[in-house]
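So you can see what is in the structure, the chains are spelled out below.
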Amino acid sequence: MVSGTEHGTGQAPWRTIAFIGLGHMGGPMAANLVAAGHRVVGHDLVADALKEAASKGVVPAASAVEAASGADVVITMLPAGRHVLALYRDEGLLAAAAPGTLFVDCSTIDVADARLAHEAAVAAGHRALDAPVSGGVVGAEAGTLTFMTGGGAAEFAEAEPLLCAMGRKAVHCGAAGAGQAAKICNNMILGVSMVAVSEAFVLGESLGLSAQALFDVASTASGQCWALTSNCPVPGPVPASPANRDYRPGFAAALMAKDLGLAAGAARAAGVDAELGLRAAQLYEEFAAGEGATRDFSAIVQTIRRRSGAPEEGAADAS
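My aim in this report is to walk through the structure given alongside it, one point at a time. (Residues numbered from 1 in each chain as written. Predicted model: local features only at pLDDT ≥ 70, side-chain atom pairs only at ≥ 80, totals over all residues. Heavy atoms only, no water.)

### Looking at the overall build of the protein chain
- Looking only at helices and strands, the protein chain features 14 helices and nine strands.
- Its C-alpha atoms give the protein chain a radius of gyration of 21 Å, within 12% of the compact-globule value 20 Å for 319 residues.
- Dimensions of the protein chain, computed from the C-alpha atoms along their principal axes, are close to 65 × 45 × 35 Å.
- Residues classed as buried in the protein chain amount to 51% of the 319 residues present.
- Contacts spanning at least 24 positions in sequence make up 64% of the contacts within the protein chain whose residues lie at least 6 apart.
- Here the protein chain displays about 14000 Å² of accessible surface, and carbon together with sulfur accounts for 57% of that area.
- Seen as two clouds, the 20 positive and the 31 negative side-chain charges of the protein chain have centres 1 Å apart. (Helix = DSSP H or I, 4+ residues; strand = E, 2+ residues; numbered from the N terminus. Rg over C-alpha atoms; globule rule 2.2 N^0.38 Å. Buried < 20%, exposed > 50% of the residue type's maximum accessible area, 1.4 Å probe, protein only. Contact = heavy atoms within 4.5 Å. Areas by Shrake-Rupley, 256 points an atom, 1.4 Å probe, with all protein chains shown as cover. Lys, Arg positive; Asp, Glu negative; His and termini not counted. Charge placed at Lys NZ, Arg CZ, Asp CG, Glu CD.)

Here you go:
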């Protein structure tokens, strides 16, 4: 999906990319850029993550500042907005980069923080995009992520080939912060729908309906949604779903709790009456802090079963 004539020609890489944050998401993303023919210089505070990235062709750097020096593009994939802002403003990343460097932040952070990061980059003489992703670790490894980007159209056009080397689709959502806005709105839909799908399966079980029967109806009727047909929260109907792997993530409940927390904060700040979104944020915050700490977000169905007094694996047998 990479556009341009340079990719795949056997010529020298057409740009040097600094990649800061080489964890479960960033590591595979950086490796896909290497596979697309780019020179990637990376840094991570975790030595094992840096070592793993180096085994995939990433050139290790001793610091983020070292990685950014001489890079054409700087990509960051960090846990929270405070980390992005500290790296940009306090730890010298912006100062280390050559004038006009394109900064692409793929972290999922608060919209306000994304705009502050954009402003800081521009004030330092650079260009910037926020480009959070959807697709999880599986998508990062497979190169099937979706990027939601905010910033200038020219910056998006420049970054799009790189984004498509790491993913299946890149969407320009608008000005600075719009990518983050799209991400948290999308995941509000996902979080609410997973709770609704889980409640429906528990209700169906209590009424003697098998999980397969409910899936066969809802997956081809008006209840169809991604939470049902791709990440079904009960074992059986969708063999590839985490429910068939003891709810190993997947998309971790802690990450869903983080994203819904960002969405809830944005809704409150904007004065939006997001009753279901706020309730889903509360449910996932509690779930991730307790029994869902290491599980896929779809495992919330088990919490609903427990609170309903239903058997752990459901009351109805497949028929």
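Picking up where we left off.
### A word on the nonpolar core
- Within the largest apolar cluster, 35 residues are counted, with the highest numbers of intra-cluster contacts made by F201, L228, M256, Y284, F297 and I300.
- Ignoring any residue separated from it by four or fewer positions in sequence, one finds M256 in contact with N187, L190, G191, F251, Y284 and F297.
- Listed in part, the 32 residues of the second largest apolar core include A131, F147, F156 and C164. (Core = buried A, V, L, I, M, F, W, Y, C linked by side-chain atoms within 4.5 Å.)

### Let's talk about the packing of helix α1 (residues 26-35) against helix α8 (residues 153-166)
- With their axes 8 Å apart at the nearest point, α1 and α8 run at an angle of 110° to one another. In this view, α1 runs roughly perpendicular relative to α8, as classed from their interaxial angle. In this structure, α1 crosses over α8, and the sense of that crossing is right-handed. Each of M29, N32 and L33 in α1 lies in contact with α8, whose residues at this interface are L162, A165 and M166.
- For the contact of α1 with α8, the class distribution of residues is five nonpolar, one polar and no charged. (Axes fitted to C-alpha atoms, helices over the stretch in contact; angles between N-to-C directions. Parallel < 35°, antiparallel > 145°, perpendicular 65-115°, else oblique. Left-handed = near helix turned anticlockwise from the far one by under 90°. Nonpolar A, V, L, I, M, F, W, Y, C, P; charged D, E, K, R; others polar.)

### Things to note about the state of the cysteines
- All chains considered together, the criterion is met by zero disulfides.
- Not engaged in a disulfide, the cysteine C164 finds its nearest cysteine sulfur in C106; these two sulfurs lie 12 Å apart.
- Residue C185 stays outside any disulfide, its sulfur separated by 9.9 Å from that of C173, the closest cysteine.
- Judged by its relative accessible area of 48%, C185 is partly exposed. (Disulfide = S-S within 2.5 Å.)

From the geometry alone we can't say anything about function, so treat these as descriptive.
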